[in-house]
Amino acid sequence: MFWVLFLLLAWAGLLFACTRLLQAAAEPADPAPGTAARHHDELSLYEAAYLAGGPERVAELTLLSMQRQRRLLLAYTGWATVVDPVGRDPHERSVLGAFGPDGQEQVTSVRAVAARDPAVRDLADRLGEAGLALCDGARQEVDAGVRAVRQATVLVLAMAGAALCVPDPGTTTTMILCWFALPLILALGCLAIARVEGHAHSGWASPAGRRLLVELGRERGVRGSLTAVALRGLRAVKDPELRAALAYGRRGRIPRQQGH
């Protein structure tokens, strides 16, 4: 029965990893009721964009908003041209500040500069103080928890292999595999839930923030609107050429001729 020691090691490693993941996922705290209600009434498109997609979503929303006002021209080739050089808010000024003296720049560069601008950091800080956004540490803890479960899955498989290599006249191979199947199922289940949850909501919003995003989507999330783009990203942009311009330089971007 020496193989039971390998089984105990597998369970110990897996339980530790799953506990770490659960603690990281449950750590973000909900804001006070008064704070949540106030931010629900005042939730701006920039705030929704950050909660749904992070700094790059804020930059893309700003570019799209300025393009719809004809204050910025976006070409599907990946270049942006300034028409109106006056920014009306900090995010627009951060976008305009990314352009050179000739008023032209690649969308990739503009998006990167605008996403790192202090205006986005201030926005993130306000949402974090309200309990609507996850702090960097919380996101890192969740990622670390997922990595720990993956490592524990490998540990379970390794311990199962080691157990099979230990001769035990009183135990069959089928029995050993059945015992190790239990922690393996738990590990794979945790990874599956983490993956589904990761697709179901943003990695930037807290549980309270995600609830506000759902409510906002029900109220104003019409496809093609700026609200829809803030919530769902570039896939909500109807114009294929405009979508290609905004997605230029990103991995997995939508081709301009898709569906044609």
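Residues numbered from 1 in each chain as written. Predicted model: local features only at pLDDT ≥ 70, side-chain atom pairs only at ≥ 80, totals over all residues. Heavy atoms only, no water.

> Looking at this structure, how should I read the overall build of the chain?
Check the secondary structure of the chain and you find 12 helices and 3 strands. Scored against the burial criterion, the 260 residues of the chain give a buried share of 42%. Across the chain, the fraction of contacts at a sequence separation of at least 24, relative to all contacts at a separation of at least 6, is 67%. (Helix = DSSP H or I, 4+ residues; strand = E, 2+ residues; numbered from the N terminus. Buried < 20%, exposed > 50% of the residue type's maximum accessible area, 1.4 Å probe, protein only. Contact = heavy atoms within 4.5 Å.)

> How should I be thinking about the packing of aromatic side chains in this particular structure?
A complete count under the given rule lists 2 aromatic pairs for this structure. With centroids separated by 5.6 Å and ring planes inclined at 85°, the aromatic side chains of Phe-2 and Phe-6 adopt a geometry described as edge-to-face. When its relative accessible area of 48% is taken as the criterion, Phe-2 is described as partly exposed. (Phe/Tyr/Trp six-rings, centres within 6.5 Å; stacked < 30°, edge-to-face > 60°.)

> Is there a simple way to think about helix H4 (residues 55-68) in this case?
Count 3.6 residues to each turn of an α-helix, and residues three or four apart come out pointing the same way. Here H4 spans 20 Å end to end across 14 residues, near enough to the 20 Å set by a 1.5 Å rise per residue. Within the sequence span of H4, burial applies to Pro-55, Arg-57, Val-58, Ala-59, Glu-60, Leu-61, Thr-62, Leu-63, Leu-64, Ser-65, Met-66 and Gln-67. Positive backbone phi, approximately 60°, marks Arg-70, located one or two places after H4. (Expected span 1.5 Å × (residues − 1).)

> How do you make sense of the sheet that holds strand S3 (residues 104-106) when you look at a structure like this?
The strands making up a sheet are joined through hydrogen bonds of the backbone, oriented either antiparallel or parallel. Spatially, 3 strands are ordered S1-S2-S3 in an open sheet, and the strand pairing comes out antiparallel. Since the sheet does not close on itself, it has two edges, and those belong to strand S1 (72-74) and S3, each with one partner. Averaged over all adjacent pairs, the angle separating strand axes in this sheet is 20°, with direction ignored. With 3 bridges joining them, S1 and strand S2 (residues 79-82) adopt antiparallel strand pairing. Counted as the bridge partner of Leu-72 is Val-82 from S2. Against the sheet, helix H6 (residues 107-115) engages S1, S2 and S3, with an angle of about 85° to S3. (Pairing = 2+ DSSP bridges. Axes fitted to C-alpha atoms, helices over the stretch in contact; angles between N-to-C directions.)

> I would appreciate a short explanation of the pattern of salt bridges in the present structure.
Side-chain pairs of opposite charge can arise where the charged atoms are in close proximity. Using the criterion set out here, one finds 3 salt bridges in the structure. In this structure, Asp-84 engages Arg-71 in a salt bridge whose closest nitrogen and oxygen atoms are separated by 3.2 Å. Separated by 13 residues along the polypeptide, Asp-84 in the loop between S2 and helix H5 (90-96) and Arg-71 in the loop between H4 and S1 bring together distant segments of the chain. The buried category is assigned to Arg-71, whose relative accessible area is 3%. Across the pair Asp-125 and Arg-121 runs a salt bridge whose closest N-O atoms are separated by 3.8 Å. One end of the pair is Asp-125 and the other is Arg-121, both in helix H7 (residues 118-129) and 4 residues apart, which spans about a single turn. (Salt bridge = Lys/Arg side-chain N within 4 Å of Asp/Glu carboxyl O.)

> Can you help me understand unusual backbone geometry in this one?
For residues besides glycine, phi is generally negative; the peptide bonds are generally trans as well. Of note in the backbone geometry, Arg-70 takes a positive phi value of approximately 60° without being a glycine. With respect to the helices and strands, the residue Arg-70 is situated in the loop between H4 and S1. Classification of Arg-70 as exposed rests on a relative accessible area of 57%.

> I tried to follow a positive patch on the surface on my own but got confused; where do I start?
On the surface, a cluster of positive charge is made up of Arg-68, Arg-223, Arg-232, Arg-235 and Lys-238. For Arg-68, the location among the structural elements is in helix H4. Arg-68 sits in the partly exposed class, given a relative accessible area of 36%. (Patch = residues over 30% accessible without salt bridge, like charges linked within 9 Å, V, L, I, M, F, W, Y side chains within 5 Å. Areas by Shrake-Rupley, 256 points an atom, 1.4 Å probe, with all protein chains shown as cover. Lys, Arg positive; Asp, Glu negative; His and termini not counted. Charge placed at Lys NZ, Arg CZ, Asp CG, Glu CD.)

> Would you take a moment to explain the pairing of S2 for this structure?
Each regular strand shows side chains that alternate between the opposite faces of the sheet. Linking S1 back to S2 in an antiparallel pair, the connection comprises 4 residues, with Gly-78 at a positive phi of about 100°. Note that S2 and S3 share 3 bridges and pair antiparallel. Bridged to Ala-80 within S3 is Glu-105.

> What should I look at first to understand the environment of Gly-217 in this one?
Positionally, Gly-217 belongs in helix H10 (residues 207-220). Its relative accessible area of 24% is what places Gly-217 among the partly exposed residues. Between the alpha carbons of Gly-217 and Thr-227 there is a distance of 7.5 Å; along the sequence they are 10 residues apart.

> Is there a simple way to explain the packing of helix H3 (residues 45-53) against H10 in this structure?
Two packed helices can be described by the angle between their axes and the distance between those axes. At a minimum axis distance of 10 Å, the contact between H3 and H10 shows a crossing angle of 120°. On the basis of their axis angle, the class for H3 and H10 is oblique. Between H3 and H10 the crossing geometry is left-handed. Facing Ala-48, Leu-51 and Ala-52 of H3, the residues of H10 in contact are Gly-209, Leu-213 and Leu-216. The residue inventory of the contact of H3 with H10, partitioned by class, reads 5 nonpolar, 1 polar and no charged. (Parallel < 35°, antiparallel > 145°, perpendicular 65-115°, else oblique. Left-handed = near helix turned anticlockwise from the far one by under 90°. Nonpolar A, V, L, I, M, F, W, Y, C, P; charged D, E, K, R; others polar.)

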